[in-house]
Amino acid sequence: MSVRRLAKVQPASFAFSKATKAKADWWIAKYPENRRQSAVIPILWLVQKQEGWCPEPALRAIGELLAMPYIRVLEVATFYTMFMLEPVGTSALIQVCGTTPCALRGAGDLMDVCKKKIGPKDTLSADGRFTWQEVECLGACANAPMAQINDYYFEDLTAETMGQIIDDFAAGKKPKPGSRVGRASSEPEGGALTLTDPKLYDGTAGKTIKKLPNSDPVTA
């Protein structure tokens, strides 16, 4: 099933939670009254965090809240792939990057693991706890292959580590995000190779500049 179409089965109704409504009002207050529709993206995100996805009754409620037609809310929700229009896994939404750097580093192996342990992509698992997708570049090419799981990046993955991550979520654990080879950010494997002197960062290597160069006033 495609995550870009509305789910066939929709809840009968939707209600903003107290916390979601308060945050939605906070966003709306940022804009002039005649521009309150500008808050549609953050409010869609708030709804998705509340429900796990964006059901049709919620889209209609957002339209009423922002005084905009339902179709306009739907246009936004279907344009941005971060908005889920069908239910996704309650334990983990796994988005595996399939763009060239990740593909060259083994993204296909990660997808094979997801197929084996979860099922077809873009399909809610039988127990309702997992969904996996193939997505475009997530901007962590130096740490390929990688996946975004729920709100966090898991990088430098292998088939084995991906399988372990899925098993951990299935067991109710919370796997730690980040690199699976121990690197920080996008530094080389094994640690940084340049700019390693601590003095570069503690201020002791700096010198007081009494006068900026080329700071004399221009005279005719």
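Our subject is the structure that appears above.
Q: A description of the packing of helix α2 (residues 40-51) against helix α4 (residues 70-79) should follow, citing residues and the corresponding values.
A: It is at 11 Å that the axes of α2 and α4 come closest, and there the two elements cross at 75 degrees. It follows that α2 is roughly perpendicular to α4 by the angle criterion. Residues V40, I41 and L44 of α2 form the contact with α4, whose own contacting residues are V73, V76 and A77. Class assignment for the residues of the contact of α2 with α4 results in six nonpolar, no polar and no charged.

Q: Describe in detail α2, supporting the description with residues and values.
A: Owing to its 3.6 residues per turn, the α-helix aligns residues three or four sequence positions apart on the same side. For α2, which comprises 12 residues, the first-to-last C-alpha distance of 16 Å matches the rise-based estimate of 16 Å (1.5 Å per residue) to within 8%. Along α2, the residues that are buried comprise V40, P42, I43, L44, L46, V47 and Q48. Of the surrounding secondary structure, the elements contacted by the buried residues of α2 are α1 (18-28), α3 (56-66) and α4.

Q: How would you explain the sheet that holds strand β1 (residues 92-97) if you had to name every residue and give the values?
A: Strands sit in the order β2-β1-β3-β4-β5 across an open sheet of five strands; the sheet is mixed. Since the sheet does not close on itself, it has two edges, and those belong to β2 (130-135) and β5 (178-179), each with one partner. Note: β1 against β2, six bridges, orientation parallel. Within β2, the residue paired with A92 across the bridge is F130. Contacting β1 and β2, helix α6 (residues 107-117) crosses the sheet at an angle of about 150 degrees to β1. Across the sheet, helix α7 (residues 159-170) is in contact with β1, β2, β3 (147-149) and β4 (152-155); its angle to β1 comes to roughly 165 degrees.

Q: Break down the environment of A140 for me, citing the residues and quoting the values.
A: Assignment of secondary structure puts A140 in the loop between β2 and β3. In this structure A140 comes out as buried when scored by relative accessible area, which is 11%. Taking the C-alpha atoms as reference, A140 lies 22 Å from F169; in sequence the two are 29 residues apart. Apart from the residues within four sequence positions on either side, A140 is in contact with M146, Y153 and E155.

Q: Describe in detail the state of the cysteines, supporting the description with residues and values.
A: In protein chemistry, a disulfide is the covalent bond that joins the sulfur atoms of two cysteines. Within this structure, the stated rule accounts for zero disulfides. Just so you know, C114 is unpaired, no disulfide at all, and the nearest cysteine sulfur is the one on C102, 13 Å from it.

Q: Help me get a handle on α3, residues and values and all.
A: In terms of residue burial, α3 counts as a mostly covered element, since eight of its 11 residues are buried. By the burial criterion, the buried members of α3 are P57, A58, L59, A61, I62, G63, L65 and L66. Those residues of α3 that are buried are in contact with α1, α2 and α4. Phi turns positive one or two residues past the end of α3, at A67, with a value near 55 degrees.

How each quantity is defined
Residues numbered from 1 in each chain as written. Predicted model: local features only at pLDDT ≥ 70, side-chain atom pairs only at ≥ 80, totals over all residues. Heavy atoms only, no water. Axes fitted to C-alpha atoms, helices over the stretch in contact; angles between N-to-C directions. Helix = DSSP H or I, 4+ residues; strand = E, 2+ residues; numbered from the N terminus. Parallel < 35°, antiparallel > 145°, perpendicular 65-115°, else oblique. Contact = heavy atoms within 4.5 Å. Nonpolar A, V, L, I, M, F, W, Y, C, P; charged D, E, K, R; others polar. Expected span 1.5 Å × (residues − 1). Buried < 20%, exposed > 50% of the residue type's maximum accessible area, 1.4 Å probe, protein only. Pairing = 2+ DSSP bridges. Disulfide = S-S within 2.5 Å.

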